[in-house]
Amino acid sequence: MAGVERPDPLARLDTTSEAIAALRDIFASEEPLDHVLARVASTAAKAIPDADAVSISVLTGESPRTAACTDDRIIDLDRAQYESGRGPCMESVHGRRPVRVEIAKGAHDWPEFAEAARRLGIRACISVPLLVDGDEPTELVGSLNVYSYTASAFDPFDEGLMRLYTVAAGQAITNTRRWQQSRDAVTQLERALTSRAEIDQAKGILMAVHSCTADEAFQRLVEQSQRRNIKVHDIARQLLESVTSMKAQ
């Protein structure tokens, strides 16, 4: 809206700097990714004046989804973009660039999104791609979407601030994903060690019962696994459970 002044740029820079500083706790956190995304969205809502709601769209899975938002009503606005395949968040992701729009002026390009925004009273939006360190120099995760009830809410300076914010947010997400991958690797190793121990115990039982070698005992487990279409370690666990049950009787 012409004639409506935005807050002083230095004041806005201070606000965004404070929001970026608040990300420091996330860098050191050990939480599931969606929990971290929720904290990133909440912090982003404080980064720009007139940001009334923030969502994070993730487009790296089978279908787009809203992984975090500060207002559940915004999910319908994101969904309108996913289903139609168009809207500022989709354009931001596909173009890998910020998209800033006063929604009344972009209604003809994204009618589904514009109608959903009208129902919610949303009048302006800025979407910025979320890029993280990955197998390639930068991997696209999705977009950070900021919505406002004020038509004149965002200007080029805000766009620059959000690009600055998403660089820090992307690093927080990268750290979280690495922690998650490490935790998953440890969990898989623990399961493998447990399975190996159970298989060795089951082999010992079979060797004692059938007076056979370790290789012959293992082959018995494999044959049972193939016949019943159950993993070898599950066969071993069932055998151990049956022996434990017999001892308890």
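Details of the structure are given in the entry above.
Described below are features of the structure shown in this document. (Residues numbered from 1 in each chain as written. Predicted model: local features only at pLDDT ≥ 70, side-chain atom pairs only at ≥ 80, totals over all residues. Heavy atoms only, no water.)

**Remarks on helix α6 (residues 111–120)**
Along α6, the positions that sit buried rather than exposed are F113, A114, A116 and A117. Across the axial projection of α6, the buried residues extend over an arc of 165°, all falling on one side. Set apart from the buried face of α6 by more than 90 degrees, the exposed residues are R118 and R119. Where α6 terminates, the next one or two residues include G121, which has phi positive at roughly 80°. (Buried < 20%, exposed > 50% of the residue type's maximum accessible area, 1.4 Å probe, protein only. Helix = DSSP H or I, 4+ residues; strand = E, 2+ residues; numbered from the N terminus. Arc of directions from axis to C-beta.)

**Observations regarding the side chain of Q81**
Relative to the elements of secondary structure, Q81 occurs in helix α4 (residues 74–84). In contact with Q81, other than residues within four places in its own chain, are R86, G87, P88, C89, M90, F113 and Y147. (Contact = heavy atoms within 4.5 Å.)

**Details of α4**
Within α4, burial applies to I74, L77, D78, A80, Q81 and Y82. Among the residues trailing α4, G85 stands out with phi positive, at a value near 75°.

**Observations concerning the environment of V36**
Along the chain, V36 falls in helix α3 (residues 33–44). Since its relative accessible area comes to 0%, V36 is described here as buried. With 32 residues separating them along the chain, V36 and A68 place their C-alpha atoms 8.9 Å apart.

**Some details on the pairing of strand β4 (residues 124–132)**
Walk down a regular strand and you will see the side chains alternate between the two sheet faces. Most of β4 sits inside the fold, with eight of its nine residues counted as buried. Sheet analysis places strand β3 (residues 99–102) next to β4, joined by four bridges and oriented antiparallel. Looking across to β4, one finds that R100 is bridged to I126. (Pairing = 2+ DSSP bridges.)

**A short note on the nonpolar core**
Membership of the largest hydrophobic core comes to 25 residues, with the highest contact counts inside it found for I56, L144, V146, F154, M162 and Y165. If you list the elements that add at least two residues to this core, you get α3, β1 (53–58), β2 (65–69), β4, β5 (139–148) and α7 (156–210). Excluding residues that lie within four positions of it along the chain, V146 makes contacts with A51, A53, V54, A124, C125, I126, F154 and M162. Core analysis: the next-biggest nonpolar cluster, separate from the first, contains 15 residues, A53, F113, A117 and I122 among them. (Core = buried A, V, L, I, M, F, W, Y, C linked by side-chain atoms within 4.5 Å.)

**Things to note about the layout of surface pockets**
Where empty space is left in the structure can be found by rolling a water-sized probe over the atoms. Of the pockets and cavities examined, the second largest pocket occupies roughly 170 Å³. Lining the second largest pocket are L206, H210, R220, L221, E223, Q224, R227, R228, I235, Q238 and L239. Counting only elements with at least two residues in the lining of the second largest pocket, the list comes to α7, α8 (214–228) and α9 (232–248). Among the residues making up the lining of the second largest pocket, the classes are represented as four nonpolar, three polar and four charged. (1 Å grid on protein atoms, 1.4 Å probe; cavity = no way out; pocket = protein on both sides within 12 Å on 5 of 7 lines; lining within 4 Å. Points joined across faces, edges and corners; volume = space filled by probe spheres on them. Nonpolar A, V, L, I, M, F, W, Y, C, P; charged D, E, K, R; others polar.)

**Focus: the pattern of salt bridges**
Applying the stated criterion across every chain, the model contains 11 salt bridges. As a salt-bridge pair, D200 and K203 come within 3.9 Å of each other at their nearest N and O atoms. Remark: K203 and D200 occur in helix α7; sequence separation between them is three residues, near one turn of the helix. Relative accessible area serves as the criterion here: at 18%, K203 is assigned to the buried category. Here D234 makes a salt bridge to R237, at a shortest N to O gap of 2.9 Å. Residue D234 and its partner R237 are located together in helix α9, separated by three residues, close to a single helical turn. Beyond isolated ion pairs, a larger network of salt bridges with shared partners links E115, R118 and R119. (Salt bridge = Lys/Arg side-chain N within 4 Å of Asp/Glu carboxyl O.)

**Some details on unusual backbone geometry**
Most peptide bonds are trans, and most residues other than glycine sit at a negative phi. In this structure, R96 takes a positive phi of about 50° despite not being glycine. Residue placement: R96 occurs in the loop between α5 (88–95) and β3. Judged by relative accessible area, R96 falls into the partly exposed class, the value being 42%. For S211, which is not a glycine, the phi torsion comes out positive at approximately 50°. Here S211 lies in the loop between α7 and α8.

**Things to note about the environment of G87**
Tracing the backbone shows G87 in the loop between α4 and α5. Taking the C-alpha atoms as reference points, G87 and D109, separated by 22 residues in sequence, lie 7.9 Å from one another. Leave out the neighbours within four places in its chain, and G87 touches Q81 and W110.

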